[in-house]
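Understanding the architecture of this molecule
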Amino acid sequence: MKNSFGQNLIVTLFGESHGPAIGAVMDGLAPGIPVDESFIADQLTLRRPAGDLSTARREADAFSIVSGVFEGKTTGTPLCILIPNTDTRSGDYTALRHLPRPGHADYTAQCKYHGHQDYRGGGHFSGRLTAALVAAGAIALTALRSKGICIGTHILRCSGLSDRPFGDLASDLAALNTMPFAVLDRAAAQAMQQAVLRAAADGDSVGGVLETAVTGLPAGVGEPWFDTVEGLLSHALFSIPAVKGVEFGDGFAMADAAGSCCNDSFCLKNGRVVTKTNHNGGINGGITNGMPILFRCAVKPTPSIAREQETVDLRSGESVPLQIRGRHDPAIVHRARVVVDSVAALVLCDLLTGRFGTDWLCGRTDEAPAERAAT
C-alpha cells in the first residue's frame, strides 16, 4: 500500500477510521518553519462536521505533534502528527463486512488485501484520514504565506446550483479562509444548503465542484512532461476521497473553443511580464508563468446513502439488498474544500523546495525568484 507522496517534502498518512488514531509524517521540512498550533486547530475546524449538513460523528481532532517541532518551529527532522479517534461506532459496520457498499472502496480493498483490511468505516480508505492531511497542510500553508503565496477554495457548484466566479482574488481568498461554508454569494450559499438538507431528507446525497486559486507563485516552478505542476497537483488531488475530476484554467471548455480564444496574450505591467487573460490557469508547458493558478475539482455525492441499494454477499455469491445505517454526510463538498487547500499547499511546498532549495520556505537563502507572481 502506497501511503507517501512527494520528492523533497514527503508526506506519509497512517491509521484507520475506527482505529486508535490517524496521523501524518512530514519528512523534508526545513528547520525553522513556524508551527502555529492554533492555526492547525482552526483548519481542522473547517473540515470537521457541523450541523445537519454533515455526519453526526463528532471527533474533537485534539491533535498532538510528537516529533519534529521544538519551541514552536520545525527542527528539520521528521514531524509526526497524531489525531486520536474518539467517536467511533464500529458496530454500525459489523453487518457490512461481506457486503461491499456501492461507490465505496470495500470491494476493491477486498480484492487487493484479501480480507485483511480494516473494514470499519472504510478503514484506511476513509475520508477520516483527510484530517491528518489538513493538519499537515496547515504547516505548509503557514510556510507559503510567509513567502506571499495564498491559497483559497470556494464551492463553485453544489447540487446544480452555482456560486459567483472569483473576482478580486486578494479579498475573495481572505474571506474564504474564515468561512465554514465557503461560498462567495450569500444567496447561493443558502440555496445550496437547502439542497443538501432536501437530499438528506430524501435519504440521498449531492456533490459539487470546488474552484481553487493560488496567488503569489513565482514563474518558473515545475517540470515539463512527467512532473508538471498540473500532473503533480492532480496526482495528489485525486487522492482525496470523492474527487473524480480535475481541470486547470478553462479546462474542458477549451475543447470547444478556438485557439484565438484560449491563448493568453503577454504584456508588460509595472515592469513585469504578465498575461492579459488566464485561460490556461497560470501554467504553460507544465511550469508556472507567474499568473494565479486556477483549478477545479469535481466532488461526487457521498456514496453512503439511506436508500436501499443492491450488492453482492461475498460469502454466498448472491445478490442481496443493502440498507446502509449509521452516521453519514448528505454532502462532503463543503468539508472537502479545506482538504483541497491543504493538499495543494503540500504539493506546492514540494515543488518550491525542489526549485529553490529546502531552506527557501523559511527564508534562509539569498536567491530570489526572478519573476514574481501576479495577484
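Bear in mind that the values here come from a model prediction, so they are computed numbers and not experimental data.

1. What about unusual backbone geometry?
- The backbone of E71 shows a phi angle near 55 degrees, a positive value even though the residue is not glycine.
- Tracing the chain through its elements places E71 in the loop between β5 (69-70) and β6 (73-74).
- Since its relative accessible area comes to 70%, E71 is described here as exposed.
- Unlike most non-glycine residues, S159 shows phi in positive territory, near 55 degrees.
- Turning to its location among the elements, S159 is positioned in the loop between β8 (150-158) and β9 (161-162).
- A relative accessible area of 36% places S159 in the partly exposed class.

2. Considering the sheet that holds strand β16 (residues 293-299)
- Here we have five strands laid out as an open sheet, ordered β9-β8-β10-β16-β11, and antiparallel in their pairing. Sheet topology places β9 and β11 (243-248) at the edges, where each strand pairs with a single neighbour.
- In the sheet, β8 pairs with strand β10 (residues 208-215) via eight bridges, with the strands oriented antiparallel. If you follow I151 over to β10, its bridge partner there is V214.
- Strands β8, β10 and β16 of the sheet are contacted by helix α8 (residues 333-356), whose axis makes an angle of about 145 degrees with β8.

3. Thoughts on the nonpolar core
- Among the nonpolar cores identified, the biggest contains 82 residues, and L144, L237 and F295 are the most heavily contacted of them.
- Filtering out sequence-adjacent residues up to four positions away, L144 remains in contact with I149, I151, A345, L348, C349, L352 and L361.
- Within the second largest apolar cluster, eight residues are counted, among which are L173, L176, A182 and L294.

4. Section: the pairing of β10
- Across the eight residues that make up β10, a large majority, eight, are buried.
- Burial along β10 is two-sided: the residues G208, L210, T212 and V214 and V209, E211, A213 and T215 are all buried.
- As paired elements, β10 and β16 share seven bridges and run antiparallel to each other. When the bridges of β16 are listed, T212 appears paired with F295.

5. Some remarks on the pattern of salt bridges
- In this structure the tally under the stated criterion is 10 salt bridges.
- The residue D61 makes a salt bridge to R48 at a minimum N-O spacing of 3.4 Å. In this pair, D61 is assigned in the loop between α1 (37-47) and β4 (64-67) and R48 in the loop between α1 and β4, connecting sequence segments 13 residues apart.
- R48 sits in the partly exposed class, given a relative accessible area of 22%.
- The salt bridge involving D61 is made with R128; its shortest N-O contact spans 2.7 Å. Taken together, the positions of D61 in the loop between α1 and β4 and R128 in the loop between α2 (106-113) and α3 (130-146) put the pair 67 residues apart, joining distant regions of the chain.
- Residue classification places D61 among the buried residues on the basis of a relative accessible area of 4%.
- What makes R128 buried here is its relative accessible area of 6%.
- Connected through salt bridges with shared partners, the residues R48, D61 and R128 form a single ionic network.

6. What about the packing of α3 against α8?
- Where α3 meets α8, the axes come as close as 7 Å, and the angle between the chain directions of the two elements is 50 degrees. In this view, α3 runs oblique relative to α8, as classed from their interaxial angle. As for how α3 packs across α8, the hand of that crossing is left-handed. Seen from α3, the contacting residues are T130, L133, V134, A136, G137, A140, L141 and L144; seen from α8, they are V338, V339, D341, S342, V343, A345, L346, L348, C349 and L352.

7. Some words on the packing of helix α6 (residues 229-237) against α8
- The geometry of α6 relative to α8 is characterised by a closest axis approach of 9 Å and an angle of 140 degrees between their N-to-C directions. Comparing the axis directions of α6 and α8 gives the class oblique. The way α6 lies across α8 gives a crossing that is right-handed. In this structure, α6 uses V229, L232, L233, A236 and L237 to contact α8, whose residues at the interface are V340, V343, A344, V347 and L351.
- Classifying every residue of the contact of α6 with α8 gives 10 nonpolar, no polar and no charged.

Cut-offs applied
- Residues numbered from 1 in each chain as written.
- Predicted model: local features only at pLDDT ≥ 70, side-chain atom pairs only at ≥ 80, totals over all residues.
- Heavy atoms only, no water.
- Helix = DSSP H or I, 4+ residues; strand = E, 2+ residues; numbered from the N terminus.
- Buried < 20%, exposed > 50% of the residue type's maximum accessible area, 1.4 Å probe, protein only.
- Pairing = 2+ DSSP bridges.
- Contact = heavy atoms within 4.5 Å.
- Axes fitted to C-alpha atoms, helices over the stretch in contact; angles between N-to-C directions.
- Core = buried A, V, L, I, M, F, W, Y, C linked by side-chain atoms within 4.5 Å.
- Salt bridge = Lys/Arg side-chain N within 4 Å of Asp/Glu carboxyl O.
- Parallel < 35°, antiparallel > 145°, perpendicular 65-115°, else oblique.
- Left-handed = near helix turned anticlockwise from the far one by under 90°.
- Nonpolar A, V, L, I, M, F, W, Y, C, P; charged D, E, K, R; others polar.

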